[in-house]
Structures are given as structure tokens and as C-alpha cells.
Amino acid sequence: MAKVYSNKSNLSTISSSSNSSISSNSYMSPRREIFTLWMKSLVYHGNGCTVYDSKGQIVYRIDNYNIKRSKEVHLMDSNGRVLFSIRNRKVPVFGHWDGYKWSYEGVTSKEIPWFQVKKIHNVLRGDNMNYYNVILGCNQAEANCYNIILGIKSIKIVTQAGRLVAEVKQKQASGVLFGSDVLTLVVEPHVDHSLVMALVTVCGLIHHKI
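Residues numbered from 1 in each chain as written. Predicted model: local features only at pLDDT ≥ 70, side-chain atom pairs only at ≥ 80, totals over all residues. Heavy atoms only, no water.

A. Molecular detail of the pairing of strand S4 (residues 72-77). Where S4 lies against strand S5 (residues 82-89), five bridges are found, and the strand directions are antiparallel. Bridged to methionine 76 within S5 is valine 82. Hairpin connection from S4 to S5: four residues lie between these consecutive antiparallel strands, with glycine 80 at a positive phi of about 85 degrees. (Pairing = 2+ DSSP bridges. Helix = DSSP H or I, 4+ residues; strand = E, 2+ residues; numbered from the N terminus.)

B. Molecular detail of the packing of aromatic side chains. This structure, assessed with the given rule, holds four aromatic pairs. Of the aromatic side chains, those joined through ring pairs into one cluster are Phe84, Trp114 and Phe115. Just above the ring of tryptophan 114 sits the side chain of lysine 101; from NZ or CZ to the centre is 4.5 Å. (Phe/Tyr/Trp six-rings, centres within 6.5 Å; stacked < 30°, edge-to-face > 60°. Lys NZ or Arg CZ within 6 Å of the ring centre and 35° of its normal.)

C. A look at the pattern of salt bridges. Per the stated rule, a full pass over the model turns up seven salt bridges. Two residues, arginine 61 and aspartate 63, come together in a salt bridge whose shortest N-O distance is 2.8 Å. Neither arginine 61 nor aspartate 63 differs from the other in exposure class; each is buried. Linking glutamate 72 and arginine 87 is a salt bridge whose minimum nitrogen-to-oxygen distance equals 3.2 Å. Placement of the pair is glutamate 72 in strand S4 and arginine 87 in strand S5, with a sequence separation of 15 residues. (Salt bridge = Lys/Arg side-chain N within 4 Å of Asp/Glu carboxyl O. Buried < 20%, exposed > 50% of the residue type's maximum accessible area, 1.4 Å probe, protein only.)

D. Quick look at the side chain of threonine 50. Here threonine 50 shows up in strand S2 (residues 47-52). Setting aside residues no more than four positions away along its own chain, threonine 50 makes contact with Thr36, Leu37, Trp38, Lys40, Ser41, Leu42, Ile58 and Tyr60. (Contact = heavy atoms within 4.5 Å.)

E. Looking closely at the pairing of S2. For S2, a buried count of six out of six residues is recorded, marking the element as mostly surrounded by other parts of the structure. Both faces of S2 are covered, namely the face carrying Asn47, Cys49 and Val51 and the face carrying Gly48, Thr50 and Tyr52. Pairing between strand S1 (residues 33-38) and S2: three bridges, direction antiparallel. When the bridges of S2 are listed, leucine 37 appears paired with valine 51.

In short, geometric facts, not functional conclusions.
Take a look at the structure:
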């Protein structure tokens, strides 16, 4: 697979490698991490998303082949192991998105989502942003919550107290603005990268980018 360095001024394709791997311990870091998102699949440049870390290693991918606006997508690691399945639940009046976390050590629940994303419809602001509520731990007695602030070219994931968790913007380096399909994802310390990517995937589905 090709490597793309997110800390360089251009997306240089270099020698292929099949050795890029990610362990469960690397989903969280004590420092801020920067990723590059290319809103294309490496499978014949089809629909999906490919995510590179700051060293140019592929860490996450979504392969939708020739399907767009799919009702279900799978977020995988670099080895093709599914981390989250995300389903679009269209119900009367208001729809939502359910995220199911896969487990390779036990049984993964297909009935109860691990997180749920719903649009907040009563937010009246003049900033042309859309607001979504994220409920984490839907299968637990006490669930935590995030908020997603979704713009045309930006995504912010924040806690209920307003603390920034992660942010996505169009990639820019050395004064050069990349195309709309190349994005920069910044994840704050001690945050699960795979969960953030699952929420970013939901945003891609909302914008019909995946």
C-alpha cells in the first residue's frame, strides 16, 4: 500500500508496503496526533476513505467500492479488521446513525449500538453549522456524550463542556491548500483515535462523501 506523509507539503507516493499494522494499544496516545484523510478508497480509487498517520502509514480505511450513500459502512484498520460498523437508521421524522464496535475477544452485540449520533434540531444559530449529539456507551447504565459541530468544510468534536476532542479541516501545508478530498484530522491527547474516525465517518455519510 502507498504511504502518504501528513507532515509534508505534498502527498508523495512512495514505495508500497504491506507491513503497516496497528495494535489495540495504538488507538490512544498521550500526545496530540495528526492524520491525513484521503476521501478515496485504495481499491481502484473507489468510494471510501484512507487514513494516514504522520509517518505516512495507512492506519484506517473504508472501502465502499462503487457504492455511495451506503446504509452501512465498515471502518477497518490497516490489516482489514473491522473496528466499527456504522448504520444509517432512517426512521419517520428524524433519522440517526448507530455505531457498533467489533470485538475479536468476545461476542459483538448486533442489537445494541456502542454509540449513536442524532441531529440537534432546536439549535438556532447564524453560523451555518449543523449540530449533532453523540451518545457513547448506549449499552451502559450511564452514557457519556459528545457534540459534533459540522460545517461544509470542517468538523469539530467537543465534549458537553465544550472542550475540543478532535477537528477536521481541509489540508493546508506551506501555504498550499489541497483539494477538497484531502483533509487533516487533529486528535487531542488521550482520545480513542478509532472512535474519532468512526464519528468522522458518520460526518462523511451525512455529507454523502463516503
